[in-house]
Amino acid sequence: MTSQNSWWQEAVFYQIYPRSFADGNGDGIGDIEGIIRSLDYLQWLGVEAIWLSPHYPSPQVDCGYDISDYYGVAPEYGSLDDFKRLLREMKRRNMRLILDLVLNHTSDQHPWFRESRSSRNNPRRDWYIWQEGRDGEPPNDWCSTFGGSAWTYDAMTGMYYYHFFFKEQPDLNWRNPEVKAAMFDVVRYWLDIGVDGFRLDAVGTIFEHPDLPPHGKPYGIDDLYVMLRKAQTQEEQLRVRLLFDELVRYQVDMPEVHDLMRQLRAVVDEYPSKVLVGESEEIAFYGNGKDELHLVFNFPLMRTRQITPQWVLQNQRERLAQLPSGAWPCNTLGNHDSSRLRSAFGDGVHDEGLVRVLAALVLTLKGTPFLYNGEEIGMTDYLFTDVARFRDPLALRAYDLEMRLLGTPPADAAFHAATYGRDKCRTPMQWRNAPNAGFCPKDVEPWLPVNPNYQEGINVAEQEHERDSLLHFYHDLLQVRRLSPALRHGEYQPLSDETKDYLLFLRLAPEQTCLVGLNFSPCSQDINLPPGLSTVRLLFSSRHNQPKEIYQRLKLAPFEVWIGEVNDLSNLL
Ligand code: GLC
């Protein structure tokens, strides 16, 4: 069985946001040298693969997701030689590296776009999406997901270009075969250098409806911001989301994207054991389970204010049933676009327990887990309100909309903007209880403010020395996972139902069966195990001094994470 599993099904992935992770040269910006120096730490932690957010040269309008050279390394992060050294150092430690690949758009500073915009008959004109305006207005009513019209007028040639994201991120025209060939060259270039695959940015947005039909809705993207701000309940938020989906229905998830994914898969399959992970939740991106993307994020799992056993059971039931045969799940609870775990799902009272249960959830459910840097020490959102220090243009947009459309006073507007923007989860990694959290020297201003809660124990160095820290919890759990065939590739079988405040499930592999108990509540649980599970040997518990073996009953302390190995399953199956 083990031999049939690929490394990317079993590895724990760790997302590094390079600007904020580790600053090797002390200029206040993370870099590759910093990552190299952190590899021993990551190896100790138990990380087996890294997803590196964009490391390419970029004007940094969208924090690196606006690429101006797909072949290079941002000079502030280092050189191509540094990158190759990183790869060597990772391989030496048996770690894999996947890169972020932004296919939908380039930076407006990319030479392709500079050429494209320079004249109507430039050979690269058709590499982007150009349209005539209509009576001085944009070609249609399509919106950019980041605000305003999806069309920007370019005076140079008197036409509009299309952008699903910021205007500095023009969409490539994927119906032009030259674009595809150029991007496939990029893919081969990095695979030749030795990377292990790609996380595909915003895959759903690559194609738009060729006829440009108007959405015809009476509302626009800014109205949705206002509605979202006024939404009181999760249901109301969901309604706004559905309105958004309707607004962009001609701009995302066009059927052609699947042909493209199959072709991309074929390119990647020219190399042994590579992986493609799609930034999408659409099961359709798995194709037939073998011919499109290897992994597609289970984003629905994190789309709630409160993760409960009921929520997880339902999510797993739906998600696993939808997967085509051969497809492997992929779970995550956070990334550089979302709130940090403790801020997103904490209740302000039991956060310490909840974050452990949630971390264990991602690491024990069936599927490849993706962790976001800093979660292992419990970093939280930092809602700094100094507008001059905002770096995410989405925060600045929210600030403007707050004042313009909602009449929010400036101080409150700044708070809401900080909440809406993504800087909050991108602040520098907290390495030590030292000025700037040890990210950069004390007399240097880091590119984003450091969350002062590094002084309250939320830093690597102090947690390394504290046996009961969250960091050690992650470390211990990752070690258990690494050695457990059942947790790595076993099937999932729930044993508890939706009436309970805990989750109990099996992970079943031919070599081993594990029983996982996650108590989501501040009350202890006394659970009678199903008849076949008489003896279970403890592999891991978040509590000290738990019995080494349990018989027929499992007692879970409040918010306990408990994992055991089932000795004899014969009666159960
Ligand atoms: C993805 C990235 C996000 C970026 C957007 C545009 O959603 O995760 O950070 O802003 O694509 O590239």
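Above: the structure in question.
The sections below set out a description of the structure shown in this document.

Rules and cut-offs
Residues numbered from 1 in each chain as written. Predicted model: local features only at pLDDT ≥ 70, side-chain atom pairs only at ≥ 80, totals over all residues. Heavy atoms only, no water. Helix = DSSP H or I, 4+ residues; strand = E, 2+ residues; numbered from the N terminus. Polar contact = N/O pair within 3.5 Å; in protein donor to acceptor, adjacent residues only side chain to side chain. Near = heavy atom within 4 Å. Areas by Shrake-Rupley, 256 points an atom, 1.4 Å probe, with all protein chains shown as cover. Buried < 20%, exposed > 50% of the residue type's maximum accessible area, 1.4 Å probe, protein only. Pairing = 2+ DSSP bridges. Axes fitted to C-alpha atoms, helices over the stretch in contact; angles between N-to-C directions. Contact = heavy atoms within 4.5 Å.

Mapped onto the secondary structure, Thr499 falls in the loop between strand S12 (491–494) and strand S13 (502–508). Spatially, the C-alpha atoms of Thr499 and Leu394 are 40 Å apart, while their sequence positions differ by 105 residues. One polar contact links Thr499 to Asp497, side chain to side chain, over a distance of 2.5 Å. There is a polar contact of 3.3 Å between the side chain of Thr499 and the side chain of Lys500.

This paragraph deals with the site of the ligand. Near the ligand lie 13 residues; those nearest to it are Asp62, Asp201, Glu279, His336 and Asp337. At 2.5 Å from an oxygen atom of the ligand is found a side-chain nitrogen or oxygen belonging to Asp62. In the model, an oxygen atom of the ligand is placed 2.9 Å from a nitrogen or oxygen of the Arg422 side chain. In isolation the ligand exposes 310 Å². Once the protein is present, 95% of that is buried.

In this structure, Ala202 takes a positive phi of about 40° despite not being glycine. Judged by relative accessible area, Ala202 falls into the buried class, the value being 7%. Positive phi values are uncommon outside glycine, yet Ser273 reaches one of about 50°. Within the secondary structure layout, Ser273 lies in the loop between helix H9 (256–268) and strand S8 (275–278). Classification of Ser273 as partly exposed rests on a relative accessible area of 44%.

It is worth spelling out the sheet that holds S13 at this point. Overall, antiparallel pairing links the six strands, which are arranged S12-S13-S14-S19-S16-S17 in an open sheet. With partners counted over all chains shown, the strands left at the sheet margins are S12 and strand S17 (549–551), one partner each. Adjacent strand axes in the sheet meet at a mean angle of 30° when their direction is disregarded. Sheet analysis places strand S14 (residues 513–519) next to strand S19 (residues 561–566), joined by five bridges and oriented antiparallel. What sits directly across from Gly517, in S19, is Trp562. Packing against the sheet, helix H12 (residues 351–364) makes contact with S13, S14 and S19, and its axis sits at approximately 155° to S14. Strand contacts of helix H16 (residues 470–482): strand S16 (535–541) and S19, with the helix running at about 140° to S16, the strand carrying the most contacts.

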